[in-house]
Amino acid sequence: MIGLISATAAGAAARDRLAAAWPDRTRVYDGPVGDAVRAAFAECEQLVCFLATGAVVRLVAPLLGDKATDPGVVCVDEGGRFSVSLVGGHGGGANELAREVGELLAAEPVVTTATDAVGVPGLDTLGLPVEGDVAGVSRALLDGEPVALKTEVAWPLPALRAGAQGSYTIRLTDRLVGPAEHEVLLRPPSLVVGVGASKGAPVEEVLDLIESSLREAGLSPRSVAELATVDAKAGEPGIVEAAERLGVPLVTYSAEELARIDVPHPSDAPLAAVGTPSVAEAAALMGGGELLVPKRKSAARPAMATCAVVRRPARGRLAVVGLGPGARDLLTPRAKAELRRASVLVGLDQYVDQIRDLLRPGTRILESGLGAEEERARTAVAEARDGHAVALIGSGDAGVYAMASPALAEASDDIEVIGVPGVTAALAAGAILGAPLGHDHVSISLSDLHTPWEVIERRVRAAAEADIVVTFYNPRSRGRDWQLPKALAILAGHREPGTPVGVVRNASRPDESSLLTTLTALDPGTVDMMTVVTVGNTATRNIAGRMVTPRGYRWQETAQKETE
């Protein structure tokens, strides 16, 4: 919960905007400011104070205890110009909250945490348990000293500005080891513990078995991602409480699913009890992986619990990111976050140039020119399969005539895939023209490099006959100059000569240009590959120089009656 505190009418107005935008995340604290801050500090995970930073410093200073548990505090000035991360930048999430508040209130986020200021991810912000000399290694990263990254377990991390050698070390491991001098340990959630238990098995017996199995195998309990068992044991108190104490989710599978898993130690007992010859091993192996601890029984007599431990396969991460039409303010916050999360960026060279400044230092860039789309898709998937965090970029929306389809055709379920939508060229052009896409519409690429012209022509005819607004992508190039006139001629067979046509070149970019013309007057020679052409339907009108397609036809019928 985020506590909101203000002292003036201006502060209260901004406070209320946050409260309205985040009704389930925020709580307004009224009354004397000092009392409100103290109450919110005790009850909330984060605070946004619409007060001077000096006042907030004096109010929260006596309340501060441990940066690992103190709430994050953000200050917003009376004029709403700045959103300042004051306390708990990393541990309390104040840095990210300052950015969110800034986005909502159109305020400039102010983040002074050293790692954030230079674009290096904080080691305590990676979402992984961290141990060791965090301050020392972070300082080495900031000072440009050599830092070694040792990955004993493959896991998708952002770019860390670390190499193979260094006097400081970041070690990614699920082994039960302590950090050496000048070393940070990152604990990936790489272990799955399968658990079976008799009815009424005490939580202490289940937990002792899990902990001793991990300890004797030299594995860290901080790398346990989940406990897994059979559906029939989903409510078994000993298993449920063991998962709660370990702070991990409990995942269950049906007996039929578990029975299909090949295990080294099947047994008749669980087969008779719950319908599968294995619970612990089968549940742990459900997602594949390496069996590190075969089935073990608890030490009690009779033994009431079993467990097995598997190191699950590392799943790389592929984010397919749409960059929008080109303007930086049309690049979504989610796209920016994914670009900064990636350790590998794959993209067309001219698109890479657009967002190079947003990448973290040390991001590996794999760029190529026009015509290498399938190669880029294969490269991105291969890098993700190697365990990296990969961003594959495309213009507009990556799923519209861009990189998502070739990449997903290459990918299988061995990697995590995240789609990040972007503003398409059709939408950007439509906003410039007016409202041409107000009713049913279709996008058609006129490039026959990947699609036979016969197929393209059939689609254009279908759109013409169905009276659908059409946006043409890739309308004309130096080597393809006849397709657009042919497509326009097909549409002209079903639409009036005065049908509005919008032409937008380089939508949202500094050299943007647009033209609203008609089906008859359009000169195809003025169109190139940086242009989208939108042809209206029989209801589309030029109204005050704007291209408008109504949502319904009633207004058209009324207008016709008035002129009769």
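Residues numbered from 1 in each chain as written. Predicted model: local features only at pLDDT ≥ 70, side-chain atom pairs only at ≥ 80, totals over all residues. Heavy atoms only, no water.

(A) Inspection of the overall build of the chain at higher detail. In terms of helices and strands, the chain carries 19 helices and 28 strands. A principal-axis box enclosing the C-alpha atoms of the chain has dimensions of 95 × 65 × 55 Å. Put simply, 64% of the contacts in the chain that link residues at least 6 apart link residues at least 24 apart. Of the roughly 26100 Å² of accessible surface on the chain, 52% is carried by carbon and sulfur atoms. Mean positive and mean negative side-chain charge positions of the chain (55 and 71 charges, respectively) differ by 1 Å. (Helix = DSSP H or I, 4+ residues; strand = E, 2+ residues; numbered from the N terminus. Contact = heavy atoms within 4.5 Å. Areas by Shrake-Rupley, 256 points an atom, 1.4 Å probe, with all protein chains shown as cover. Lys, Arg positive; Asp, Glu negative; His and termini not counted. Charge placed at Lys NZ, Arg CZ, Asp CG, Glu CD.)

(B) Here's a closer look at the environment of Y29. Take Y29: it is sitting in the loop between β2 (26–28) and α2 (33–43). The buried category is assigned to Y29, whose relative accessible area is 9%. For the pair Y29 and S6, spaced 23 residues apart in sequence, the C-alpha separation works out to 8.1 Å. With near-sequence residues (within four places) excluded, Y29 lies in contact with G3, L4, I5, A36, A39, A40, E43 and C44. (Buried < 20%, exposed > 50% of the residue type's maximum accessible area, 1.4 Å probe, protein only.)

(C) A look at the packing of aromatic side chains. Applying the stated criterion across every chain yields a total of two aromatic pairs. Ring geometry for Y401 against Y473: centres 4.8 Å apart, planes inclined by 55°, an arrangement best described as tilted. One end of the pair, Y401, is in the loop between β19 (389–394) and α15 (404–410); the other, Y473, is in strand β23 (residues 469–473), and 72 residues separate them in sequence. A relative accessible area of 43% places Y401 in the partly exposed class. Classification of Y473 by relative accessible area gives buried; the value is 9%. With centroids separated by 5.0 Å and ring planes inclined at 70°, the aromatic side chains of W453 and W482 adopt a geometry described as edge-to-face. Pair noted here: W453 is in helix α17 (residues 453–465) and W482 is in the loop between β23 and α18 (483–492), with a separation of 29 residues, a long-range link. A relative accessible area of 11% means that W453 is categorised as buried. For W482, a relative accessible area of 42% translates into the label partly exposed. Taking the ring centre of W22 as reference, the NZ or CZ of R25 above it sits at 4.3 Å. (Phe/Tyr/Trp six-rings, centres within 6.5 Å; stacked < 30°, edge-to-face > 60°. Lys NZ or Arg CZ within 6 Å of the ring centre and 35° of its normal.)

(D) Inspection of the packing of helix α7 (residues 203–216) against helix α8 (residues 237–246) at higher detail. Put simply, α7 and α8 touch, their axes get as near as 8 Å, and they point 55° apart. In this view, α7 runs oblique relative to α8, as classed from their interaxial angle. Along this stretch, α7 crosses α8, giving a crossing that reads as right-handed. Packed against α7, whose contacting residues are V203, E204, V206, L207 and I210, the element α8 presents G238, E241, A242, R245 and L246 at the interface. Partitioned by chemical class, the residues of the contact of α7 with α8 number six nonpolar, one polar and three charged. (Axes fitted to C-alpha atoms, helices over the stretch in contact; angles between N-to-C directions. Parallel < 35°, antiparallel > 145°, perpendicular 65-115°, else oblique. Left-handed = near helix turned anticlockwise from the far one by under 90°. Nonpolar A, V, L, I, M, F, W, Y, C, P; charged D, E, K, R; others polar.)

(E) Local environment of the pairing of strand β9 (residues 168–172). Summarising burial for β9: five of the five residues are buried, a large majority. Of the two faces of β9, the one holding Y168, I170 and L172 and the one holding T169 and R171 are both buried throughout. For strand β8 (residues 147–151) and β9, the ladder comprises five bridges, and the chain directions are parallel. Its bridge partner lying in β9, K150 is registered against R171. (Pairing = 2+ DSSP bridges.)

(F) The arrangement of the nonpolar core in detail. Grouped together as the largest cluster of nonpolar side chains are 22 residues, with contacts concentrated most on V193 and L227. Contributions of two or more residues to this core are made by β11 (191–197), α7, β12 (224–230), α8 and β15 (305–311). It is α7 that contributes the most residues to this core, six residues altogether. Ranked by size, the runner-up nonpolar core spans 21 residues in total, among them L446, A463, V501 and V527. (Core = buried A, V, L, I, M, F, W, Y, C linked by side-chain atoms within 4.5 Å.)

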